[in-house]
Amino acid sequence: MGGGASKSTASRAKADAIFDEIDANRDGKLSVKELTIAAMQRDIQTAWPKWLIEETIARYDTDHDHMLDREEWARAFATLRTPAQKKKEFGFTLAPLKASDAGDVLMLSTLKKLLETDPTMLGKGRDCAGWSPYDRLHLVRAWRLDDDGEAARYEAAREKVKGEMEMLGRNGKNVKKVPGLPIQTAAACTGPFALDAKASEAVLLHGLKAELLYDVLSTGLNERFAGSNVGSLFGAGLYFGEDAGKADQYSSPDTQYDQRSKLHQQLYSNSCRHPGNENGGVFYALVCRAALGYPARTQQSGEEAKAMEGGYPVFRPGTDRRELNHIPNVEPPMFHHSLIAELGAKIVRFRELVVFHSEQICPRYLIAYQRLAPGKEGSQWNGVRERRR
């Protein structure tokens, strides 16, 4: 008991000491600017990029003044790890979200909303062939994903996209009302993610097979492997869904804990157990931040795909569909930042969003969910079972 209490006291004392150091205005509040300056002074901006600071404030700011008071900071501090605290042998860390943490409760509510989808659209198509009918996706586990390298690359890419959007505005483009935007997830994610509208930042879902998940967590999403597993109908990029039903089409079940599995060693423990084979096992999806910028839109596939606005080729000639074309009537030349495949002859249920440069994507959360048959109850959410001390 004493060891746990003393550790908690020491952590609070450290949080208080950092608060007093950072609170330059001596107003009892920490702002985005103060935390960003502190990260630069401590040379840990790769661990605390601006977007992460904004997201953390949004999660723990209970009085909604866009700053953190001492108590809010104390709760948020545990989630802002420094590089010295990272698990270097894996290059990433996964922290289970806790139902007892105020910031995690807000994010869990958001993640549950992201899994809401039209039940009539679930279980359709060849990707779900052989699966019993189901009409709901039920969240059972969630982890926050931290990777310094991914975070720093994404911060730089988001700022680049934002700068180019400003240039597009000066070129006469309406960057406040971009065709195809906002993304369907926008309503659910406005608060806890603190998205940057100037970069057309959005939250997207990426479903994937359980056997591929560990490699993706270790090395990141890689557009160079596009088409190797699920095809590349709309170019050689990274594919995402704005609807959980789309992400679900690419997932496969994980039905039991395997102590030899490197993935399971990272995800599960005595306090965060594998849900087992109930309801057919669990399925995984990455919840990602994405800087979509100024997307192109199409209803066509292949080399000759044309944009819905203007009818020009979507893909830059000679790039094997790995690069999008220039945005028309813009000087200096600038490429589209992403592609939206709209409903039409090629796809009939869910839009697809394709990003061709992985640095514009930052996987932020991993979720595990179950497919529920009509009338079936899902596993009770327990997050991390807090151990009594």
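Think of each chain on its own: its residues are numbered from 1, step by step along the sequence as written. Note on the predicted model: pLDDT of at least 70 is required for a residue's local features to be given, and 80 or more for side-chain atom pairs to be given and counted; whole-chain, interface and lining totals, by contrast, use all residues. Hydrogen atoms and water are omitted, and side-chain values are computed over all heavy atoms in the structure.

1. Focus on the pairing of strand β5 (residues 283-291)
Within a regular strand, side chains alternate between the sheet's two faces. Each residue is placed in one exposure class: buried if its accessible area under a 1.4 Å probe, protein chains only, is under 20% of its type's maximum, exposed if it is over 50%, and partly exposed if it falls in between. Working definition: helices are DSSP H or I runs of at least four residues, strands are E runs of at least two. Numbering for both runs from the N terminus. Among the 9 residues of β5, 9 are classified as buried, and the element is accordingly described as predominantly covered. Judged by which residues are buried, β5 turns out to be covered on both faces: Phe 283, Ala 285, Val 287, Arg 289 and Ala 291 on one side and Tyr 284, Leu 286, Cys 288 and Ala 290 on the other are all buried. With 8 bridges connecting them, strand β3 (residues 201-208) and β5 associate as antiparallel partners. From the neighbouring strand, His 206 faces β5, where its bridge partner is Leu 286. Pairing between strands requires that DSSP locate at least two bridges from one strand to the other. Two elements, β5 and strand β9 (residues 361-372), share 8 bridges in a ladder whose sense is antiparallel. Across the sheet, Leu 286 pairs through a bridge with Leu 366, a residue of β9.

2. Quick notes on the packing of helix α5 (residues 102-114) against helix α7 (residues 186-193)
The N-to-C vectors of α5 and α7 enclose an angle of 165°; their axes lie 9 Å apart at closest approach. Judged by the inter-axis angle, α5 sits roughly antiparallel to α7. Crossing of α5 against α7: the hand is left-handed. Across the interface between the two elements, Leu 106, Met 107, Thr 110, Lys 113 and Leu 114 of α5 pack against Ala 188, Cys 189, Pro 192 and Phe 193 of α7. Charged residues are taken to be Asp, Glu, Lys and Arg, nonpolar residues to be Ala, Val, Leu, Ile, Met, Phe, Trp, Tyr, Cys and Pro, and polar residues to be all remaining types, Gly included. Across the contact of α5 with α7, the residue classes break down as 7 nonpolar, 1 polar and 1 charged. As a rule, the C-alpha atoms of each element are fitted with a line to give its axis, helices using only the stretch in contact, and angles between N-to-C directions run from 0 to 180 degrees. Here is the rule for angles: anything less than 35 degrees is roughly parallel, anything more than 145 is roughly antiparallel, 65 through 115 is roughly perpendicular, and the remaining ranges are oblique. The crossing is said to be left-handed when, going from far helix to near helix, the turn is anticlockwise and less than a right angle, and right-handed when the turn is clockwise. Note on contacts: a residue pair is in contact if any heavy atoms of the two residues lie within 4.5 Å.

3. Observations regarding the side chain of Glu 342
With respect to the secondary-structure elements, Glu 342 resides in the loop between β7 (339-341) and β8 (352-355). Two N or O atoms form a polar contact when they lie within 3.5 Å of each other; inside protein one atom must be a possible hydrogen donor and the other a possible acceptor, and for residues adjacent in sequence the pair counts only when both atoms belong to side chains. Polar side-chain contacts of Glu 342 include one of 2.9 Å to the side chain of Arg 297. At 2.9 Å, the side chain of Glu 342 forms a polar contact with the side chain of Arg 351. Leave out the neighbours within four places in its chain, and Glu 342 touches Gly 180, Arg 297, Thr 298, Gln 299, Met 308, Ile 347 and Arg 351.

4. Observations concerning the nonpolar core
We call a set of buried Ala, Val, Leu, Ile, Met, Phe, Trp, Tyr and Cys residues a nonpolar core when their side-chain atoms join them within 4.5 Å. Counting 33 residues, the largest nonpolar core has Trp 143, Leu 217 and Tyr 284 as its most contacted members. Looking at this core, the elements that each hand over two or more residues are β2 (136-146), β3, α8 (210-219), β4 (238-241), α10 (262-267), β5, β8 and β9. Top contributing element to this core by residue count: α8, with 5 residues. Beyond its immediate chain neighbours, meaning those up to four positions away, Leu 217 contacts Phe 92, Leu 94, Leu 145, Leu 263, Leu 286 and Leu 366. Leu 35, Leu 168, Met 334 and Cys 362 belong to the second-largest nonpolar core, a separate cluster that totals 32 residues.

5. Describing unusual backbone geometry
Omega for the bond connecting Leu 181 with Pro 182 falls within 30 degrees of zero, at 5°, which places this linkage in the cis form. Look at the link from Glu 331 to Pro 332: it is a cis peptide, with omega at -5°. Along the chain, Pro 332 falls in the loop between β6 (296-298) and β7. Of note in this structure, His 66 is not a glycine but carries a positive phi near 65°. Its location among the elements puts His 66 in the loop between α3 (50-60) and α4 (70-77). Phi at Ala 194 takes a positive value of approximately 50°, unusual for a residue other than glycine.

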